[in-house]
Amino acid sequence: MAKGKRNNSIRNTKTRDSSSKKIFDDPFLCAQFLRGYVGIDMLKDVQPEDIEDMSERFLWLWQEERDSDSVKKIRIKRDGKVIVLYVIALIEHQSSVHYDMSFRILRYVVMILDEYAKDQETLHPGITKTKSFQYPPILPIVFYDGTDNWTAARDFRDRVFLSDVLGDYIPSFQYLVVPLQKYTDQELIEKGDELSLIMLVDKLRNASDFKKFKDIPEEYLENISQNSPESVLKLISSIIAVLLYKL
């Protein structure tokens, strides 16, 4: 399919991946995730209007198993200036750990920086050859809702043979893992936001888990239903319906 002509509908047949993908596709929920679940101070004030989806520029290269990935351009105000930060959000729902995640991320990093350089050259010919030119920061995040601990190496260097000898000459970066299971139900309820409700449902693994819902305070659900935008409520309903149907 031609670049930039891709349909925005989710083709991914993996239910949990597709549901999580909707979270990152929605600016309201994506901003909520970056503010409250990542733990990076410079993202604490990110708003939906600060987020630009760049996924179609990169995901068209991949097959279905990558449809759940997202690439965002985030504009952040810092020291009176607006800076650009790219976020790669990869969704991993399998109980088994994806051990080659660092290489998967590396491919995205290279593509993003290459596209950025091309864009800057179009705007300012020759700028990438100047001493002052700098590439934008990229934050790779893995949202993991599996039940096992994440044990894959988080630094690409650790996946390379002889890194103990040639480490200074091997690309080194780490990615951030946000494991759903690290949050207790009470911690999610205390957050009191729309995303916490989706994550509570995402934690359900079998019918017996439904018993936990009788302990959810009524005021928690009422606050979400009364104060959330109608479009977000419809999206939450859609995501929860898909997850429950799968169960």
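For the structure itself, look to the data block above.
The paragraphs below set out a description of the structure included in this document. (Residues numbered from 1 in each chain as written. Predicted model: local features only at pLDDT ≥ 70, side-chain atom pairs only at ≥ 80, totals over all residues. Heavy atoms only, no water.)

1. Focus: the overall build of the protein
Item 1. The helix and strand inventory of the protein stands at 8 helices and 5 strands.
Item 2. Its helices and strands in sequence order give the protein the pattern α-α-β-β-β-α-β-α-β-α-α-α-α, from N to C terminus.
Item 3. In the protein, the share of contacts with a sequence separation of at least 24, taken over all contacts with a separation of at least 6, comes to 64%.
Item 4. Carbon and sulfur atoms provide 51% of the accessible area of the protein, an area that totals close to 13,700 Å². (Helix = DSSP H or I, 4+ residues; strand = E, 2+ residues; numbered from the N terminus. Contact = heavy atoms within 4.5 Å. Areas by Shrake-Rupley, 256 points an atom, 1.4 Å probe, with all protein chains shown as cover.)

2. Some details on the side chain of D69
Item 1. Of note, D69 is situated in the loop between β1 (51-53) and β2 (70-78).
Item 2. A relative accessible area of 0% places D69 in the buried class.
Item 3. Here R104 takes part through its side chain, which lies 2.6 Å from a polar atom of the side chain of D69.
Item 4. Side-chain polar atoms of D69 contact the side chain of Y108, separated by 2.7 Å.
Item 5. With sequence-adjacent residues up to four places away left out, D69 is seen in contact with K21, S55, L59, A89, L90, I91, R104 and Y108. (Buried < 20%, exposed > 50% of the residue type's maximum accessible area, 1.4 Å probe, protein only. Polar contact = N/O pair within 3.5 Å; in protein donor to acceptor, adjacent residues only side chain to side chain.)

3. Some words on the nonpolar core
Item 1. Core analysis: the largest hydrophobic core is formed by 42 residues, its most contacted members being F33, L34, L43, I141 and M199.
Item 2. With residues near it in sequence (within four places) discarded, I141 still touches F33, L34, V38, V87, I88, A89, L90, L176 and V178.
Item 3. F58, V71, M111 and Y175 belong to the second largest nonpolar core, which has 26 residues in total. (Core = buried A, V, L, I, M, F, W, Y, C linked by side-chain atoms within 4.5 Å.)

4. So, the packing of aromatic side chains
Item 1. Evaluation of the coordinates by the stated rule reveals 12 aromatic pairs.
Item 2. Measuring from centroid to centroid gives 6.5 Å for W150 and Y175, while their planes differ by 85°, and the two rings are edge-to-face. In this pair, W150 sits in the loop between β4 (138-144) and α4 (163-166) while Y175 sits in the loop between α4 and β5 (176-179), placing the two residues 25 residues apart along the sequence. Summarising the burial analysis for this pair, W150 and Y175 share the class buried.
Item 3. Every member of this aromatic cluster is reached through a ring pair, and the members are F24, F33, Y37, F143 and Y183. (Phe/Tyr/Trp six-rings, centres within 6.5 Å; stacked < 30°, edge-to-face > 60°.)

5. Some points on unusual backbone geometry
Item 1. Backbone geometry at D79 places phi at a positive 55°, although glycine is not the residue there.
Item 2. For D79, the position within the fold is in the loop between β2 and β3 (81-92).

6. Looking at helix α2 (residues 27-36)
Item 1. Those residues of α2 lying buried are L29, C30, A31, Q32, F33 and L34.
Item 2. Its side-chain oxygen at 3.1 Å from the backbone nitrogen of F28, D26 defines the N-terminal cap of α2.

7. Examining the pattern of salt bridges
Item 1. A complete count under the given rule lists 9 salt bridges for this structure.
Item 2. A salt bridge links D100 to R159, with the shortest nitrogen-to-oxygen separation between them at 3.2 Å. Remark: R159 occurs in the loop between β4 and α4 and D100 occurs in the loop between β3 and α3 (101-123); sequence separation between them is 59 residues.
Item 3. For K118, the salt bridge identified is with D114, shortest N-O distance 3.2 Å. With K118 and D114 both in helix α3 and 4 residues apart, this pair spans about one turn of that helix.
Item 4. Each of R57, E115 and D119 takes part in a single network of salt bridges with overlapping partners. (Salt bridge = Lys/Arg side-chain N within 4 Å of Asp/Glu carboxyl O.)

8. Structural notes on the sheet that holds β2
Item 1. Strands sit in the order β1-β2-β3-β4-β5 across an open sheet of 5 strands; the sheet is mixed. Strands with a single pairing partner mark the edges of an open sheet, and in this sheet they are β1 and β5. Sheet twist, expressed as the average angle between the axes of neighbouring strands with direction ignored, equals 25°.
Item 2. Examined bridge by bridge, β4 and β5 share 4 bridges and lie parallel to one another. Counterpart to I141 in the pairing with β5 is L176. (Pairing = 2+ DSSP bridges. Axes fitted to C-alpha atoms, helices over the stretch in contact; angles between N-to-C directions.)

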